[in-house]
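What the coordinates show
Take a look at the letters that make up each chain.
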Amino acid sequence: FLLFGTFIGRTAFFMAMPFLALHLHIENQTDPLMIGLVIGVGPLAGFLMGFFLGHLSDSIGRVHIM
């Protein structure tokens, strides 16, 4: 179930991102740099916080983190 859920979530993410970029560019006249920041900040934050929160959950327990 975890693998299937991850597959569905990633597929939805990568299908939605081109439409978000087009919407931001056409409707809001956002420049390409800002569009890249908006799309990229979520995965980047997840990558960076994964190290910190992974160590923290190992230290104090997963129940306290959740």
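Presented here is an overview of the structure given in this document. Just so you know, these numbers come straight off a predicted model, no measurement behind them. (Residues numbered from 1 in each chain as written. Predicted model: local features only at pLDDT ≥ 70, side-chain atom pairs only at ≥ 80, totals over all residues. Heavy atoms only, no water.)

**Overview of the overall build of the protein**
Counted only if it meets this: Secondary structure counts use DSSP, requiring at least four H or I residues in a row for a helix and at least two E residues in a row for a strand, with both numbered from the N terminus. All radius of gyration figures rest on C-alpha atoms, and the globule criterion is 2.2 Å times the number of residues raised to 0.38. In this scheme, a residue with accessible area under 20% of its type's maximum is buried, one over 50% is exposed, and one in between is partly exposed, where area comes from a 1.4 Å probe on protein chains only. Here the open area of atoms and residues is found with the Shrake-Rupley method and a 1.4 Å probe, where only the protein chains shown may cover a residue.
Broken down by element type, the protein carries three helices and zero strands. Taking 66 residues into account, the globule formula puts the C-alpha radius of gyration at 11 Å, and the protein, at 16 Å, lies well above it. Across its three principal directions, the C-alpha atoms of the protein cover 45 × 25 × 15 Å. Counting all 66 residues of the protein, 8% fall into the buried class. About 5700 Å² of surface is accessible on the protein, with carbon and sulfur atoms providing 78% of the total.

**Observations concerning helix α2 (residues 32-60)**
The criterion, for reference: Expected helix span is computed as 1.5 Å times (number of residues minus one). To get the bend at a given residue, fit one axis to the seven residues ending there, fit another to the seven starting there, and take the angle between those axes.
Taking 1.5 Å per residue as the helical rise, α2 with its 29 residues ought to reach 42 Å, and the 41 Å between its terminal C-alpha atoms agrees with that figure. At glycine 40, α2 shows its maximal kink, close to 40°; a proline, proline 43, follows between one and four residues later. Just beyond α2, the residue with positive phi is glycine 61, at close to 105°.

**Regarding the pattern of salt bridges**
Short version of the rule: Just to be clear on terms, a salt bridge is a Lys or Arg side-chain nitrogen sitting within 4 Å of an Asp or Glu carboxyl oxygen.
For the structure on display, the rule yields one salt bridge. For aspartate 58, the salt bridge identified is with arginine 62, shortest N-O distance 3.3 Å. Residue aspartate 58 shares its accessibility class with arginine 62, and that shared class is exposed.

**As for the packing of aromatic side chains**
The condition that has to hold: Stacked, tilted and edge-to-face are the three classes assigned to paired rings of Phe, Tyr and Trp, where Trp is represented by its six-membered ring and a pair needs centres within 6.5 Å; plane angles under 30 degrees give stacked, over 60 edge-to-face, the rest tilted.
Applying the stated rule across the entire model yields two aromatic pairs. With a centroid separation of 5.2 Å and an interplanar angle of 80°, the aromatic rings of phenylalanine 13 and phenylalanine 14 are classed as edge-to-face. Overall, phenylalanine 13 belongs to the partly exposed group, its relative accessible area being 30%. Here the aromatic rings of phenylalanine 47 and phenylalanine 51 are separated by 5.2 Å at their centres, their planes lie at 80°, and the arrangement is edge-to-face. Placement of the pair is phenylalanine 47 and phenylalanine 51 together in helix α2, with a separation of four residues, close to one helical turn.

Everything listed is a geometric property; what it means functionally is a separate question.
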